[in-house]
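In case you want the letters, here they are:
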Amino acid sequence: MNTKRIKYLREAEIGKGPIIYWMQREQRVNDNWALIYAYEKTKENNTELIVVFNLVTKFLEATLRQYHFMIEGLKEIEEKLNKLNIPFYLTTGTLEEEIPKFVKNNKASLLVTDFNPLKIIRNWQETVKSKVEIPFHQVDAHNIVPVWEASNKLEFAAYTIRPKINKLLPEFLVDLPKLKKLSQNISSPKINWENIYKILEIDNKVKPVEDFVPGENSAEKILKNFIENKLNNYSEARNDPNKNALSNISPYLHFGQISAQRIALILNNFDGNDESIKSFLEELIVRRELSDNFCYYNKNYDNFDGFHDWAKQSLNEHRNDKREYIYNLEEFEQAKTHDELWNSAQLEMVKTGKMHGYMRMYWAKKILEWTESPEEALEIGIYLNDKYELDGRDPNGYVGLAWSIGGVHDRAWTERPVYGKIRYMNYNGCKRKFDVKSYIEKFGKVDQESLFK
Ligand SMILES: Cc1cc2nc3c(=O)[nH]c(=O)nc-3n(C[C@H](O)[C@H](O)[C@H](O)COP(=O)(O)OP(=O)(O)OC[C@H]3O[C@@H](n4cnc5c(N)ncnc54)[C@H](O)[C@@H]3O)c2cc1C
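The residue numbers shown here count from 1 along each chain, following its written sequence. Per-residue local features of the predicted model are confined to residues with pLDDT of at least 70, and side-chain atom pairs are confined, for both listing and counting, to 80 or more; whole-chain, interface and lining totals are unaffected and use all residues. Side-chain numbers here rest on the full set of heavy atoms in the structure, without hydrogens or water.

K.L.:
Help me out: how do you make sense of the site of the ligand in this one?
P.N.:
We call a residue near a molecule or strand when any one of its heavy atoms sits within 4 Å of it. Neighbouring the ligand are 26 residues, the closest being Y234, S247, N248, K354 and N385. Within 3.5 Å is the distance limit for a polar contact, defined as a pair of N or O atoms, with the added protein rule that one can donate a hydrogen and the other accept it, and that residues adjacent in sequence qualify only through two side-chain atoms. One of the backbone nitrogen or oxygen atoms of N248 is found 2.7 Å away from an oxygen atom of the ligand. Taking S250, its main chain carries an N or O atom lying 3.1 Å from an oxygen atom of the ligand. Accessibility throughout is a Shrake-Rupley quantity obtained with a 1.4 Å probe, and a residue counts as covered only by protein chains that appear here. Burial of the ligand by the protein chains amounts to 91% of its free accessible area of 830 Å². Numbering goes from the N terminus for both helices and strands, where a helix is a DSSP run of H or I of at least four residues and a strand is a run of E of at least two. Elements represented by at least two residues in the shell around the ligand include exactly α10 (250–254), α12 (275–297), α16 (357–369) and α18 (395–406). With 6 residues, the top contributor of residues to the shell around the ligand is α12. Classification convention: Asp, Glu, Lys, Arg as charged; Ala, Val, Leu, Ile, Met, Phe, Trp, Tyr, Cys, Pro as nonpolar; all other residues, Gly among them, as polar. By residue class, the composition of the shell around the ligand is 9 nonpolar, 11 polar and 6 charged. Segmentation of the chain into domains, including their bounds, is taken from an automatic or database domain assignment. A domain split of the shell around the ligand shows at least three residues from each of domain 2 (145–176 + 215–298) and domain 3 (304–451).

If you want it as structure tokens, here you go:
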């Protein structure tokens, strides 16, 4: 495996005991560079391999909807790992205590983990690093081109990172080996999955959604369906929220239940000049990896200070502009604005766990227009996105909101009230693009009482 994927968080000699892969973001067995690395090290050191996942009882705004998706996916991981003779442990409780304790109790020789640019995860990893006495290695198994290799700085926009990524793709977009059953002889623990749901300290009112079946197997089916039935039409129909043209793969990518690298490898077998393939790969690789770049190099990825200077200055100049409408969090959450189109987008998210990509832009920009300040707009946007979207709590979400509200990765546009030089979107623009009425028919008419019960 290309060692440029690895960051040596704590360097020391690898001793004798088992190797532990502390799984976090990449919740899959297939095509997972972090697991592959731990597996290769196990063979090289003639030792044993154990996988552990620590389930925290609450995480950002995640609710039962996202926990259910994750836990059901983890059950499949347990099954798949057991087939490979690799024990899977699920620890619960304070992560900073549990992982060092697990390392110690198992007399491990090496701790491997995956990569996530979010602050909360990086802080966990820092604490674990300070508490373990063995080598601790991190593998970027999320980005095709590891984030620290693609660029050593905060990139300005897609056009600045694109050539860097494209140049490195031949080196990193290579096939991933399939793991073979290990001959080790360590037994697997029995995980009491029913109990797991009982210890969560989360909002149980936001229910799991039926349309997205969790897990690696389901992710493969979703991808197959996209390639066979939707991909042809992707570039033409992707901005029409009435057309079912998107891949719907984002929840699976977010929870690491599928590898973007595998998807790109599969698509490389098709005609590379096809417009749909080109535009899908642009989103999957360039835009997605640009989000990781933003969160990795900008600790203010989720607040006003993270915006470009031109955007901050312009938004500051328009702070006192009169807003035609002002709503509070509850009114936004309950879809009680004057705008049926906005309400429909909000309800699509609350009901299905995934708002259409085009509507996400309109939705976020209107929050900027209808709140007292850009800070409040961003806070409300992040809160709702993280609470209801299956794919929320993700660099793509923080960047999507920062793009819409703070012009991140965008340029300055014609100045106007409230928005300043941030790109503007309006109802009439949507009307020109798609059949607004039929979108409102579909999502705006749901029984709101039962939805927010
Ligand atoms: C306000 C706002 C909030 C957003 N919140 C999230 C979020 O919480 N999680 C999330 O994954 N995406 C988010 N996005 C980005 C994008 O809207 C979603 O990735 C996309 O709609 C997911 O649906 P899909 O997988 O069917 O998309 P497809 O169009 O089929 O795209 C395939 C994949 O490409 C990547 N991709 C597509 N569009 C973008 C984009 N604009 N930026 C970065 N990567 C992209 C995603 O990984 C996506 O799964 C947000 C965008 C905006 C404007």
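K.L.:
Help me out: how do you make sense of the environment of L368 in this one?
P.N.:
Among the structural elements, L368 can be located in helix α16. Type-normalised accessible area, obtained with a 1.4 Å probe on protein chains alone, sets the label of each residue: buried when under 20%, exposed when over 50%, and partly exposed for intermediate values. By relative accessible area, L368 is classed as buried at 0%. Apart from the residues within four sequence positions on either side, L368 is in contact with L315, P374, A377, I405, V418, Y419 and I422. What makes two residues a contact is simply this: any of their non-hydrogen atoms within 4.5 Å.

K.L.:
Quick question: what am I supposed to make of the domain arrangement of the protein here?
P.N.:
Interfaces are frequently sized by the accessible area removed from exposure as the parts join. For the protein, the assigned domains are domain 1 (3–142), domain 2 (145–176 + 215–298) and domain 3 (304–451). A straight line from the C-alpha centre of domain 1 to that of domain 3 covers 36 Å. Between domain 1 and domain 3, the residue contacts involve 11 residues of the former and 13 residues of the latter. Once two parts are joined, some of their accessible surface, as seen by a 1.4 Å probe, is lost; buried area is that loss totalled over both. Between domain 1 and domain 3 lies a buried interface of about 960 Å² when both sides are counted; carbon and sulfur atoms form 64% of it.

K.L.:
Just checking my understanding: could you explain the pattern of salt bridges for this structure?
P.N.:
Any two side chains of opposite charge can pair, so long as their charged atoms come close to each other. The term salt bridge refers to a pairing of a side-chain nitrogen on Lys or Arg with a carboxyl oxygen on Asp or Glu at a separation within 4 Å. Across all of its chains, the model carries 28 salt bridges by this definition. Note that E26 is salt-bridged to R28, the shortest N-O span being 2.6 Å. Given a relative accessible area of 1%, E26 falls into the buried group. By relative accessible area, which is 1% here, R28 ends up buried. Between E72 and K75 there is a salt bridge, and its shortest N-O distance comes to 3.2 Å. Here the residue E72 and the residue K75 both occupy positions in helix α2 (residues 64–83), the gap between them amounting to 3 residues, near one helical turn. By relative accessible area, E72 is classed as partly exposed at 22%.

K.L.:
I'm lost on unusual backbone geometry in this one. Help?
P.N.:
Although it is not a glycine, N248 adopts a positive phi angle of roughly 65°. With respect to the secondary-structure elements, N248 resides in the loop between α9 (234–237) and α10. Classification of N248 by relative accessible area gives partly exposed; the value is 22%. Here the phi dihedral of V418 falls at roughly 65°; this positive angle occurs in a residue that is not glycine.

K.L.:
How do you make sense of the side chain of N293 when you look at a structure like this?
P.N.:
Considering the arrangement of structural elements, one finds N293 in helix α12. Under the relative-accessibility criterion, N293 is labelled buried at 1%. When sequence neighbours within four positions are dropped, the list of residues in contact with N293 reads V147, S151, K153, L154, E155 and I161.

K.L.:
What is the right way to read the sheet that holds strand β1 (residues 6–10) from this model?
P.N.:
Strand pairs in the sheet, formed through backbone hydrogen bonds, run parallel or antiparallel to each other. Any two strands with at least two DSSP bridges between them are considered paired. Spatial strand order, β1-β6-β5-β2-β3-β4: 6 strands in an open sheet with mixed pairing. The outermost strands of the open sheet, each flanked by one partner alone, are β1 and β4 (88–92). When the angles between neighbouring strand axes are averaged without regard to direction, this sheet yields 25°. Inspection of the sheet shows strand β2 (residues 19–22) paired to strand β5 (residues 110–114) by 4 bridges, in the parallel sense. If you follow I20 over to β5, its bridge partner there is L111. Contacts from helix α4 (residues 119–131) reach β1, β2, β5 and β6 (136–139) within the one sheet, and its direction differs from that of β6 by about 155°. Where helices are involved, their axes are fitted lines through C-alpha atoms of the stretch in contact, as for all axes, and angles between N-to-C directions lie from 0 to 180°.

K.L.:
What's the story with the nonpolar core in this structure? I'm lost.
P.N.:
One recurring pattern in soluble globular proteins: nonpolar side chains tend to sit buried together. Definition of nonpolar core: a set of buried residues of the types Ala, Val, Leu, Ile, Met, Phe, Trp, Tyr and Cys, connected through side-chain atoms within 4.5 Å. Ranked by size, the top nonpolar core spans 148 residues in total, and within it L55, Y67, F88, L111 and W363 carry the most contacts. Among the elements that make up this core, the one with the highest residue count is α12 (9 residues). The contacts of F88, once residues within four sequence positions are left out, are V51, F53, L74, I77, E78, L81, N82, S188, P189, I191 and W193.

K.L.:
So what exactly am I meant to see when it comes to the environment of K178 here?
P.N.:
Along the polypeptide, K178 turns up in the loop between α6 (158–172) and α7 (193–199). Taking relative accessible area as the criterion, K178 reaches 71% and is therefore assigned exposed.

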